[in-house]
Amino acid sequence: MAYRITGACLGCGGCKVVCPAEAISGLPEQMHVIDPGRCFECGVCARSCPHKAIVDSAGQPYVSKIIRQDVRGR
Ligand code: SF4
Ligand code: SF4
């Protein structure tokens, strides 16, 4: 399975630049596509997309795993 770009893509090209597998292609201002044969599901593209247009193999958009520390009482 691979990550996938949805119709929310505006073709900014940002994901294409950051993908370490060179799995993303597309023309400026047109919907980009991910080559499932090259994608190894690192998630970098999904984190970089300003339009949340990239979903994982389960169809879920990127959700930050960072848990905010509760510093109250310190
Ligand atoms: S970063 Fe998002 S909007 Fe930009 S080309 Fe990639 S999928 Fe499309
Ligand atoms: S998940 Fe990683 S390898 Fe797959 S298209 Fe996105 S940046 Fe490239």
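Everything quoted here is computed from the prediction, not taken from an experiment.

1. Focus on the overall build of the protein
Assigned secondary structure in the protein consists of two helices and four strands. Starting at the N terminus and walking to the C terminus, you meet the elements of the protein as β-α-β-β-α-β. In the protein, which comprises 74 residues, the proportion classed as buried is 30%. For the protein, long-range pairs separated by at least 24 residues make up 47% of all intrachain contacts whose partners lie at least 6 apart in sequence. Carbon and sulfur atoms make up 55% of the accessible area of the protein, which totals about 5,500 Å².

2. Notes on the site of ligand 1
As a matter of local geometry, ligand 1 sits amid Ile5, Cys9, Leu10, Gly11, Cys12, Gly13, Cys15, His32, Cys49, Pro50, His51 and Ile54. For ligand 1, the cavity whose grid points lie within 2 Å of the majority of its atoms is the largest cavity. Looking at the shell around ligand 1 residue by residue, the classes come out as eight nonpolar, four polar and no charged.

Here is what the cut-offs are and how they apply
- Residues numbered from 1 in each chain as written.
- Chains lettered and ligands numbered in written order.
- Predicted model: local features only at pLDDT ≥ 70, side-chain atom pairs only at ≥ 80, totals over all residues.
- Heavy atoms only, no water.
- Helix = DSSP H or I, 4+ residues; strand = E, 2+ residues; numbered from the N terminus.
- Buried < 20%, exposed > 50% of the residue type's maximum accessible area, 1.4 Å probe, protein only.
- Contact = heavy atoms within 4.5 Å.
- Areas by Shrake-Rupley, 256 points an atom, 1.4 Å probe, with all protein chains shown as cover.
- Near = heavy atom within 4 Å.
- 1 Å grid on protein atoms, 1.4 Å probe; cavity = no way out; pocket = protein on both sides within 12 Å on 5 of 7 lines; lining within 4 Å.
- Sits in = over half its atoms within 2 Å of the grid points.
- Nonpolar A, V, L, I, M, F, W, Y, C, P; charged D, E, K, R; others polar.

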